[in-house]
Amino acid sequence: MRVFVTGASGHVGSIIVHNLINAGHKVIGLTHSDNGAASLKETGVEVLRGDLDDLDNLRSGAAAADGVIHLAFKHSSDFAGSLATDLLVIETIGAVLKGSGKPFVATGHFNGTASDNAMFALAEHGVRTSIVHLSPSVHGEGDTGFVPRLIKIARDKGISAYIGDGCNRWPAIHRLDAAHLFLLALEKAPAGSRLDGVGDEGIPFRDIAGVISRHLNVPLVSISREEAESHFSFLGFSAIAALDIPRSSVLTQELLEWRPIQPGLIADLEQGHYFKN
């Protein structure tokens, strides 16, 4: 297939592109940066320069492809606005693919119900849609998400903190396992599939903070919900740090014959690469 990939040079997207090419597919990669374009060209990708606001570009990429993987997302303080953009992107690409039977894989987002519903609706109009809901931590080399930010806070404030007893659980997935899941979704997920990108089903937040404490040689400290507002203000996610959100990927594994085989988050943290800088 010729596959149009948004976010093709990102943390997970770059691995997906590599996997697609190794599996014999050709890739059209959307990227907005010079570095991203150069990296994709070196990999043998047909580069489409632009961002998520350029709807004509999105139509062009989708029309030239046999399938689409949508990974790009506007990460900004205006999360509602980012979700609105995501919905518009899905509607724009979906309009091109209607009635084609082609696969369209999108990334699910927290509170992204409208986008999910739009994808499920497209499954009723001749598009083989699937939605991959990744874990809050997609870890591995090059991670710029929650865990590196937790490490930065611990460095800056001299403590590694968890809220209350720290027993609230976070699911996680290695980016290599996540990339493999997207490839399988493109190739064989049934229309209207909701897929769980989960390796570790639920790691106690205290365990994550504990590894950070040991590697940075700073105290491991329990803080209250009230203190968390100030402590985690850099992330703006004190509420997220307190969530207990275990998830399972058993049904996804059975559906696609997919197995997470990479190191879990704690094992990945213990390797030390998160603490080099």
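So, here is what we can say about the structure in this document. (Residues numbered from 1 in each chain as written. Predicted model: local features only at pLDDT ≥ 70, side-chain atom pairs only at ≥ 80, totals over all residues. Heavy atoms only, no water.)

**Some remarks on helix α5 (residues 113-123)**
A turn of α-helix holds 3.6 residues, and therefore any two residues three or four places apart point the same way. Among all positions in α5, only Ser 115, Asp 116, Ala 118, Met 119, Leu 122 and Ala 123 are buried. Along α5, the residues classed as buried sweep out an arc of 160° about the axis, all on the same side. Those residues of α5 that are buried lie in contact with α4 (79-97), β5 (103-107) and β6 (128-134). (Buried < 20%, exposed > 50% of the residue type's maximum accessible area, 1.4 Å probe, protein only. Helix = DSSP H or I, 4+ residues; strand = E, 2+ residues; numbered from the N terminus. Arc of directions from axis to C-beta. Contact = heavy atoms within 4.5 Å.)

**Brief notes about the nonpolar core**
Ranked by size, the top nonpolar core spans 30 residues in total, and within it Val 5, Ile 16, Leu 20, Ile 69, Val 132 and Phe 182 carry the most contacts. Looking at this core, the elements with two or more residues in it are β1 (2-6), α1 (13-22), β6 and α7 (175-188). When residues of this core are assigned to their parent elements, the largest contribution, 8 residues, is made by α7. Leaving out residues up to four positions away in the same chain, Leu 20 has contacts with Val 3, Val 5, His 25, Val 27, Ile 69, Leu 183 and Leu 186. (Core = buried A, V, L, I, M, F, W, Y, C linked by side-chain atoms within 4.5 Å.)

**Remarks on the sheet that holds strand β11 (residues 200-204)**
The strands making up a sheet associate through backbone hydrogen bonding, with each pair oriented either parallel or antiparallel. An order of β7-β9-β11 is seen for the 3 strands of this open sheet, with the pairing classed as mixed. The open sheet has two free edges, formed respectively by β7 (137-139) and β11, since each of these has just one partner strand. Strand-to-strand twist of the sheet, defined as the mean angle between neighbouring strand axes without regard to direction, takes the value 40°. Here 3 bridges tie β7 to strand β9 (residues 169-174), and the two strands are oriented parallel to one another. Across the sheet, residue Val 138 finds its bridge partner in β9, namely Ile 173. (Pairing = 2+ DSSP bridges. Axes fitted to C-alpha atoms, helices over the stretch in contact; angles between N-to-C directions.)

**Observations regarding the side chain of His 25**
Along the chain, His 25 falls in the loop between α1 and β2 (26-31). At 2.9 Å, the side chain of His 25 and the side chain of Glu 187 are in polar contact. Not counting chain neighbours up to four residues away, the residues in contact with His 25 comprise Met 1, Val 3, Leu 20, Leu 183 and Glu 187. (Polar contact = N/O pair within 3.5 Å; in protein donor to acceptor, adjacent residues only side chain to side chain.)

**Observations regarding the layout of surface pockets**
Considering only enclosed or pocket space, the largest pocket measures out at about 1900 Å³ in volume. Considering the residues around the largest pocket, the lining is formed by 49 residues, among which Phe 73, His 75, Phe 79, His 109 and Pro 136 are closest to the centre. When residues of the lining of the largest pocket are traced back to their parent elements, those giving at least two are β2, α5, β6, β7 and α6 (146-157). A breakdown of the residues in the lining of the largest pocket according to their chemical character gives 19 nonpolar, 23 polar and 7 charged. Each pocket or cavity is described by its volume, and for the second largest pocket that value is around 170 Å³. Considering the residues around the second largest pocket, the lining is formed by Gly 140, Glu 141, Gly 142, Asp 143, Pro 148, Ile 151, Arg 155, His 273, Tyr 274, Lys 276 and Asn 277. Among the residues making up the lining of the second largest pocket, the classes are represented as 3 nonpolar, 4 polar and 4 charged. (1 Å grid on protein atoms, 1.4 Å probe; cavity = no way out; pocket = protein on both sides within 12 Å on 5 of 7 lines; lining within 4 Å. Points joined across faces, edges and corners; volume = space filled by probe spheres on them. Nonpolar A, V, L, I, M, F, W, Y, C, P; charged D, E, K, R; others polar.)

**Some thoughts on the sheet that holds β6**
The parallel open sheet is built from 7 strands, whose spatial order is β3-β2-β1-β4-β5-β6-β10. In this open sheet, the two edge strands, each paired with only one partner strand, are β3 (46-49) and β10 (193-197). Between one strand axis and the next, the sheet turns by 20° as a mean value, whatever way the strands run. For strand β4 (residues 67-70) and β5, the ladder comprises 3 bridges, and the chain directions are parallel. Within β5, the position partnered with Val 68 by the bridge is Phe 104. The strands that helix α3 (residues 55-63) touches are β1, β2, β3 and β4; relative to β1, the one it contacts most, it runs at about 155°. Each of β1, β4, β5, β6 and β10 touches α7; the most contacted strand, β6, lies at about 165° to it.

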